[in-house]
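Given next are the chains, with one letter for each unit.
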Amino acid sequence: MTSIVFASGKGGVGKSSICLNMALILAKSGKKVVIVDADMAMANIGLMLGIERTPITLNHVLSGENAIADAVYDGPWGLRYVPSELSTERLSSVDYSKLKDAVLELEKHYDYVLIDPAPGWMVDAKSAMDSASEAYVILTPEPPAMADGLKVKNYLERKGTKLNGAIVNMVLNDPSEVKPSEIESLLGIKVAAILPEDRMVRRASASQQPIAMQSPHSPFMLALTKLAGQITGHAVALPETKVKKGILRSLVEFFRNLFRKKEKPNVPVTAPK
Ligand SMILES: Nc1ncnc2c1ncn2[C@@H]1O[C@H](COP(=O)(O)OP(=O)(O)OP(=O)(O)O)[C@@H](O)[C@H]1O
Ligand SMILES: [Mg+2]
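Computed from a predicted model, the values in this text were never measured in an experiment. (Residues numbered from 1 in each chain as written. Chains lettered and ligands numbered in written order. Predicted model: local features only at pLDDT ≥ 70, side-chain atom pairs only at ≥ 80, totals over all residues. Heavy atoms only, no water.)

**As for empty space enclosed by the protein**
Selection criterion: Buriedness of a pocket was judged along seven lines, with at least five required to meet protein on both sides within 12 Å; pockets are open sets of points on a 1 Å grid over the protein atoms alone, cavities are sets where a 1.4 Å probe fits but cannot get out, and lining residues have an atom within 4 Å of a point. Grid points are joined across faces, edges and corners, and a volume is the space filled by probe spheres set on the points. Counting from the N terminus, the helices are DSSP H or I runs at least four residues long and the strands are E runs at least two residues long. Three classes are used: nonpolar for Ala, Val, Leu, Ile, Met, Phe, Trp, Tyr, Cys and Pro, charged for Asp, Glu, Lys and Arg, and polar for all others, with Gly counted as polar.
As enumerated under the stated definition, the model contains 1 cavity of 30 Å³ or more in all. Taken as a whole, the largest cavity spans an internal volume of roughly 60 Å³. Taken together, S17, L20, N21, M48, V201, A204, S205, Q209, P210 and I211 make up the lining of the largest cavity. Of all the secondary structure elements, the ones that give two or more residues to the lining of the largest cavity are α1 (15-28) and α8 (199-206). Split by residue class, the lining of the largest cavity holds 6 nonpolar, 4 polar and no charged.

Given below as structure tokens:
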């Protein structure tokens, strides 16, 4: 139904982390979601999910060898994803202009098609931006990031993409940072979300398990889940995981047992002589 790209010209601002965890939040809330790893030179959604065996990839689709349906794989929580190829072998035969049609096809079958683009201004990054109907501009709150954010916003605007706003990531609330109100007036778009710098995000990518699954109650996830509510138009719950419930349950059990022991009548342990 809706395709959304999480765009930035600058690399390393959190596009993949935001896109993947947003996809998981939406999937967990019951939506039909597919994430497209459109960063074909640096495919990393598969790595972030810990899933590496994907014989047919987006590269096959854009090379005209396969249909997009052949490159859709099952991820956690009902999320589906289209990987890019880890090797750069097939890149030369990729026709980036085919991406839009592939996304349009996916839109017919899913509530949300989330696109993780390449950074920069080369054809791969632009084709990802061109293929989505809606976009967020991702940026960090440093002054040099403003020029990049403005460039991306202007590009998307020229293409007629619906701009949902800016997402400011890795926010430390340091006085040196550009404030959300300044970002809004510099870029001419509203700030849709402020995501804190959160070490759990880095820890999650290092351990190949998304933060949505590892630390669903982390500050990053709280802010991202709020944004998910803006996307769906209604409040979205934090994605609870089995691990979390397990820990909670065993804690409850621990205290229950402790109190039970205390409630027992004081019977002497050794029989009186
Ligand atoms: N809010 C955050 N707090 C802390 N670390 C973060 C946050 N967001 C992302 N990161 C970390 O920053 C690094 C870059 O993030 P990510 O790969 O998501 O960015 P990207 O924009 O997709 O990069 P690229 O442009 O290279 O594709 C990763 O190590 C990630 O774990
Ligand atoms: Mg990325």
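**Structural notes on the packing of α1 against helix α10 (residues 219-232)**
Note the following rule: Angles shown run from 0 to 180 degrees and are taken between the N-to-C directions of axes, each axis being a line fitted to C-alpha atoms and, for helices, limited to the stretch in contact. Geometric relationships in this document are graded by angle, where less than 35 degrees denotes roughly parallel, more than 145 denotes roughly antiparallel, 65 to 115 denotes roughly perpendicular, and other angles denote oblique. Note on convention: the crossing is left-handed when the near helix lies turned anticlockwise from the far helix by less than a right angle, right-handed when the turn is clockwise. The criterion used for residue contact is that any of the two residues' heavy atoms lie within 4.5 Å.
Orientation of α1 relative to α10, taken along the N-to-C sense of each, is 65 degrees, at an axis distance of 10 Å. As summarised for this structure, α1 and α10 are arranged roughly perpendicular, according to the angle between their axes. Regarding α1 and α10, the two cross each other, and that crossing is right-handed. On the side of α1, the interface is formed by S17, I18, N21, M22, I25 and L26, while α10 contributes F220, M221, L224, T225, L227, A228, I231 and T232. Of the residues contributing to the contact of α1 with α10, the split by class is 10 nonpolar, 4 polar and no charged.

**Regarding the packing of aromatic side chains**
The following threshold applies: Pairing of aromatic rings covers Phe, Tyr and Trp, the last counted by its six-membered ring, and requires centre-to-centre distances within 6.5 Å; plane angles under 30 degrees mean stacked, over 60 mean edge-to-face, and any other angle means tilted. Charges are assigned to positions over rings by a cutoff of 6 Å between ring centre and Lys NZ or Arg CZ, combined with an angular limit of 35 degrees from the ring normal.
The full count for this structure, using the stated rule, is 3 aromatic pairs. Considering the side-chain rings of Y73 and Y81, the 6.3 Å spacing of their centres and the 45 degrees angle between planes classify their relative orientation as tilted. Across from the ring centre of Y110, 5.3 Å away, lies the NZ or CZ of K32, which sits over that ring.

**Here's the deal with the pairing of strand β1 (residues 2-7)**
Let me state the cut-off plainly: Throughout this description, buried means an accessible area under 20% of the type-specific maximum (1.4 Å probe, protein chains only), exposed means over 50%, and partly exposed covers the range between. Any two strands are treated as partners once DSSP identifies two or more bridges connecting them.
Buried residues dominate β1, accounting for 6 of its 6 residues. Side-chain alternation along β1 places T2, I4 and F6 on one buried face and S3, V5 and A7 on a second face that is also buried. Pairing analysis gives 4 bridges linking β1 to strand β5 (residues 112-117), with the strands arranged parallel. Within β5, the residue paired with I4 across the bridge is L114. Two strands pair when backbone bridges link them, and β1 and strand β6 (residues 134-139) are joined in this way by 4 bridges, in the parallel orientation. Bridge pairing in β6 places A7 opposite V137.

**Concerning the site of ligand 1**
Note the cut-off: Any residue with a heavy atom positioned within 4 Å of a molecule or strand is treated as near that molecule or strand. Between N or O atoms, a polar contact is any pair within 3.5 Å; within protein, one atom must be a potential hydrogen donor and the other a potential acceptor, and residues adjacent in sequence are included only when both atoms are from side chains. For the area figures, the Shrake-Rupley method with a 1.4 Å probe applies, and any residue is considered shielded solely by the protein chains shown. Criterion for pocket placement: a molecule counts as inside a cavity or pocket if more than half of its atoms are within 2 Å of its grid points.
Taken together, 18 residues lie near ligand 1, and K15, S16, S17, N169 and D198 sit nearest. In the environment of ligand 1, an oxygen atom lies 2.9 Å from a nitrogen or oxygen atom belonging to the backbone of G12. Between N169 and ligand 1, the recorded distance is 2.9 Å, taken from a side-chain N or O atom to a nitrogen atom. For ligand 1, the protein covers 84% of the area, taking 630 Å² as the surface of the free molecule. Mapping ligand 1 onto the cavity grids shows that it belongs to the largest pocket. Tallied by class, the residues present in the shell around ligand 1 amount to 6 nonpolar, 7 polar and 5 charged.

**Brief notes about the environment of L139**
Within the secondary structure, L139 sits in strand β6. In contact with L139, other than residues within four places in its own chain, are A145, M146, A166, I167, V168, N169, I183 and L187.

**Let's talk about the layout of surface pockets**
Space inside the largest pocket adds up to approximately 400 Å³. G12, V13, G14, S17 and M170 are the residues nearest the centre of the largest pocket, which is lined by 22 residues in total. Elements with a minimum of two residues in the lining of the largest pocket: α1, β7 (162-171) and α8. Among the residues forming the lining of the largest pocket, the class breakdown is 9 nonpolar, 8 polar and 5 charged.

**Overview of the pairing of strand β2 (residues 33-38)**
For β2, the buried fraction is high: 6 of the 6 residues fall into the buried class. Neither face of β2 is open: one carries V33, I35 and D37, the other V34, V36 and A38, and all of them are buried. Two elements, β2 and β5, share 6 bridges in a ladder whose sense is parallel. Of the residues in β5, the one forming a bridge with V36 is I115. Sheet topology places β2 next to strand β4 (residues 80-82); 3 bridges connect them, and they run parallel. Across the sheet, the residue bridging to I35 is Y81, located in β4.

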